[in-house]
Amino acid sequence: MKRLLLPWLGFALVLLAAPLVFPQSAALSLLSQMGTMVLLCLSYNMLLGEGGMLSFGHAVYSGLGAFGAIHLMNRMAEGALAFPMTLVPLAGGLTGALCGVLLGYLTTRRAGTTFAMITLGLVELVSACVLMFPEVFGGEGGISGNRVIGEPVLGISYGPQIQVYYLIAGWLLVCAIAIWALRATPLGRILNAVRDNPERAAFIGYDPQRVRYLALILSAFFAGVSGGLSAINFEIVSAEYVGALRSGAILLFTFIGGSAYFYGPIVGGVVGVLFSSWLSAYTQAWQFYLGAFFILIVMTAPGGLASLIDQGWRILRSGAFDTRMAVRAIAWLAAALPVLAGLVLATEMAYQASLGSLAEAPLRWWGWTVDVHAPLPWMTALLLMSGGVAALWCWRGQGGRS
Amino acid sequence: MEFALITFLNGLGYGFLLFLLSSGLTLIYSMMGVPNFAHASFYMLGAYVAYAIAGVLGFWPALLIAPLVVGVAGALVEHYGLRIVHRYGHVPELLFTFGLSYLVVELVQLVWGRAPVPYRIPPALDGTLFTLYTTAFPVYRGFMLLVAALMLLALWLLLRHTRIGLVIQAALTHPQMVEALGHNVPRVFMLVFGGGCALAALAGVIGGNAFVTEPGMAAAVGSIIFVVVVVGGLGSLAGAFITSLLIGMMQTFAVALDVSLASLGLSVAPDSALAPLLRLTLAQVAPVLPYLLLVVMLIVRPKGLMGQREG
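Residues numbered from 1 in each chain as written. Chains lettered and ligands numbered in written order. Predicted model: local features only at pLDDT ≥ 70, side-chain atom pairs only at ≥ 80, totals over all residues.

(A) Molecular detail of the overall build of chain A. Across its full length, chain A holds 16 helices and four strands. By the compact-globule yardstick of 21 Å for 402 residues, chain A fits well, its C-alpha radius of gyration being 23 Å. On the principal axes, the C-alpha backbone points of chain A span a range of 65 × 60 × 45 Å. Counting only residues that meet the buried cut, chain A has 43% of its 402 residues in that class. Counting only contacts in chain A whose residues sit at least 6 apart along the sequence, the fraction spanning at least 24 positions is 78%. (Helix = DSSP H or I, 4+ residues; strand = E, 2+ residues; numbered from the N terminus. Rg over C-alpha atoms; globule rule 2.2 N^0.38 Å. Buried ≥ 20, exposed ≤ 12 C-beta atoms within 10 Å, placed from the backbone. Contact = placed C-beta atoms within 7 Å.)

See the structure below:
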């Protein structure tokens, strides 16, 4: 029981303490985004990790859920409907689940690669339809709403961002526990069986198609909750919420985090938002870094970041971590950092050069202005990279001999 | 009559272009067992590389060199990327190509910028081929048709009537047996991957200047060729051919026709929920049609038009 309760208490504590550690308003909005993205990735992993269903259209459910939530908020603002704001994400979830009932019936008829391709077609279909009916979805501009409606309840008006953060954190905690608990139910177990061997699951009397369908509806529900939360957070929902790009981002983040572990999507969602919202404030090239990082993960650690964490934890616990290993790890870092620095320098300069006169300001690092047309910075980048790669080569050679 | 003929020819051109793309995708799909998400990226690379070469050497060398360059790039990706990921299983393999498509878009933006590049039709092919009644049919459309048709004929001859084609076909279905007979199957796969990418690049070279060469062109065509492959039947070249033509025709005719349900005489109260649906014109619906076809096909016949197996 203690083993079970402790991680959840820790998670709740982190959620509770995060805005106290990072009280700035920019950090707070970043944390709110992380919360919704983590929930979205968790719901996606019900398909990818638990059910082996590689979906390219998960944003459809969260996006349509967000549209449902914002319409409800607007009806509430008109006074046509009395509904507590705290429960608006539930409406988003129900909208998402309803869409899951409709669309999932088509997609879950197949598994494997065909499923992936159908979801790809479906996401295009839905996002084109969303643009086709501006009366319902607001066209290119989207639909905006207002989260402060009526009198504050218990002093909570959801005006300040901190209250929205705690709303997101609360929903995230509840949903995460629900998703985790679903894994242990017979449905969760059979879903794993269907993932590993659909034929044998069918032989013991479960229809794999039906199991996938149910899993998809549940996953769409949690995705819709996440969509409802982001509708409250941003107070605007636009067509790109259901688009293929956002679906791709969910997939990327979940895989980077590690789909085989329950906490993988949590790591992935946090890292993903760091890339897309935090890094993008500093550099134009963030999508390049994200893509490169993703490929690096796929090629070297297909289990994702969570598998690296898991391995590290195992080594620490087994007591095999001695000074020799520590020295090797530090040596690796010392070799890898120049490679990274050289790569970043070269990428930044390349982006700066490609922007040409469009660039707002010259490239500046710690007071050092980089002239992208001079040979010296490029030589520095090349030297850093080649030196680092040579050092990594040596590091590997050393490991092989001992 | 005039409208139908011209639209038919345009649709044929678009369909052939789609097949240049989807034939490579289908071959690679049969080989790897997973779709190559970066396939449309190679199409885009073809257009950009041709633009770069055409600026130095002119269009005709570019027509030859650009597909070769991109084909070699594709072969390198297979050798140094996919082959390594292959041992982790299908999903990482698929995701590798997915990540690659992200990177290629970024790289293209890095080198050529975010705005469309002025990749133009060569002056020799600028002009009117013939005039049907009152509508002019451009030379370049005819040229596109010719190149695509010749390439497809060559592909068919290669696969059906040469020794290497025989080995490729065998390697797609029975790789272990072919390996046992002493053929280097990994090299065959590399060749097929590179060849498929070169075909996609060729489509880019001749399509890039007919349409627009911009960083969004891969995404625009990427999901449509998946529709072609799935609807045609996974791994079936003939199915992909029929579907390419079908979708090419469907899209061109739909874009050209300006009818809506309301214009056909159907009417409801203007404030009812169905009113926006009736006001939609066929031209507005055109981008959705391929995906609609996909969904209908999966309900009626899940293995596709000419598919042998279910995925």
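(B) View of the overall build of chain B. A tally of helices and strands in chain B yields 13 helices and two strands. A compact globule built from 311 residues would reach a C-alpha radius of gyration of about 19 Å, and chain B, at 21 Å, matches this within 12%. Projected onto its principal axes, the C-alpha coordinates of chain B cover approximately 70 × 50 × 40 Å. Burial analysis of chain B (311 residues in total) assigns 44% to the buried set. In chain B, 75% of the contacts between residues at least 6 apart in sequence involve partners at least 24 apart.

(C) Fine view of the interface of chain B and chain A. Taken together, the contact between chain B and chain A spans 35 residues of the former and 31 residues of the latter. Per-element tally for the side of chain B that touches chain A: the top contributor is helix α4 (residues 90–112) of chain B, with twelve residues. Tallied by class, the residues present in the side of chain B that touches chain A amount to 29 nonpolar, five polar and one charged. (Nonpolar A, V, L, I, M, F, W, Y, C, P; charged D, E, K, R; others polar.)

(D) A look at unusual backbone geometry. Within the chain, E235 of chain A stands out as a residue other than glycine whose phi angle is a positive 60°. By the secondary structure assignment, E235 of chain A is in the loop between α10 (208–234) and β2 (236–237).

(E) How the structure looks around the packing of helix α5 (residues 112–132) of chain A against helix α9 (residues 217–232) of chain B. Running from N to C, α5 of chain A and α9 of chain B point in directions that differ by 130°, and their axes come no closer than 10 Å. By the angle class used here, α5 of chain A and α9 of chain B are oblique. In this structure, the crossing between α5 of chain A and α9 of chain B has a hand that is left-handed. Seen from α5 of chain A, the contacting residues are M117, L120, G121 and E124 of chain A; seen from α9 of chain B, they are S223, F226, V227 and V230 of chain B. Across the contact of α5 of chain A with α9 of chain B, the residue classes break down as five nonpolar, two polar and one charged. (Axes fitted to C-alpha atoms, helices over the stretch in contact; angles between N-to-C directions. Parallel < 35°, antiparallel > 145°, perpendicular 65-115°, else oblique. Left-handed = near helix turned anticlockwise from the far one by under 90°.)

(F) Representation of the confidence of the model for chain A in the model. For chain A, the average pLDDT comes to 82, and 93% of its residues sit at 70 or higher. The least confident element of chain A is strand β3 (residues 364–365) of chain A, whose mean pLDDT is 62; the most confident is α10 of chain A, at 91. (pLDDT = per-residue confidence, 0-100.)

(G) A look at the environment of I143 of chain A. All names here are of chain A. Mapped onto the secondary structure, I143 falls in strand β1 (residues 143–144). A sequence separation of 121 residues divides I143 from F22, and the C-alpha atoms of the two residues are 31 Å apart. Apart from the residues within four sequence positions on either side, I143 is in contact with I70, F137, G138 and V237.

(H) Focus on helix α5 (residues 139–161) of chain B. The end-to-end C-alpha separation of α5 of chain B is 32 Å, in line with the 33 Å expected for 23 residues at 1.5 Å each. Along α5 of chain B, the residues that are buried comprise M144, A148 and M151 of chain B. (Expected span 1.5 Å × (residues − 1).)

(I) Region of interest: the nonpolar core. In terms of nonpolar packing, the biggest core is built from 187 residues, with V60 of chain A together with L20, L21, Y43, M44, A201 and I225 of chain B touching the most fellow members. Per element, the largest residue contribution to this core is 14 residues, and it comes from α10 of chain A. (Core = buried A, V, L, I, M, F, W, Y, C linked by C-beta atoms within 7 Å.)

(J) Representation of the environment of M379 of chain A in the model. Residue and element names in this part refer to chain A. The topology assignment puts M379 in helix α16 (residues 375–401). The class for M379 is exposed, based on 10 C-beta atoms found within 10 Å. Each C-alpha atom, one on M379 and one on A260, is 42 Å from the other, the two residues being 119 residues apart in sequence.

(K) Up close: helix α7 (residues 161–184) of chain A. Taking 1.5 Å of rise per residue, the 24 residues of α7 of chain A would be expected to cover 34 Å, and the 35 Å separating its terminal C-alpha atoms lies within 8% of that figure. Of the residues making up α7 of chain A, those classed as buried are V164, Y165, L167, I168, A169, W171, L172, C175, A176 and I179 of chain A.

(L) Representation of the confidence of the model for chain B within the structure. Residues and elements named next belong to chain B. With 90% of its residues at a pLDDT of 70 or more, chain B has an overall mean of 82. Across chain B, helix α2 (residues 39–56) holds the top mean pLDDT of 89, while helix α11 (residues 275–279) sits lowest at 65. The ipTM assigned to the predicted complex is 0.79, against a pTM of 0.84.

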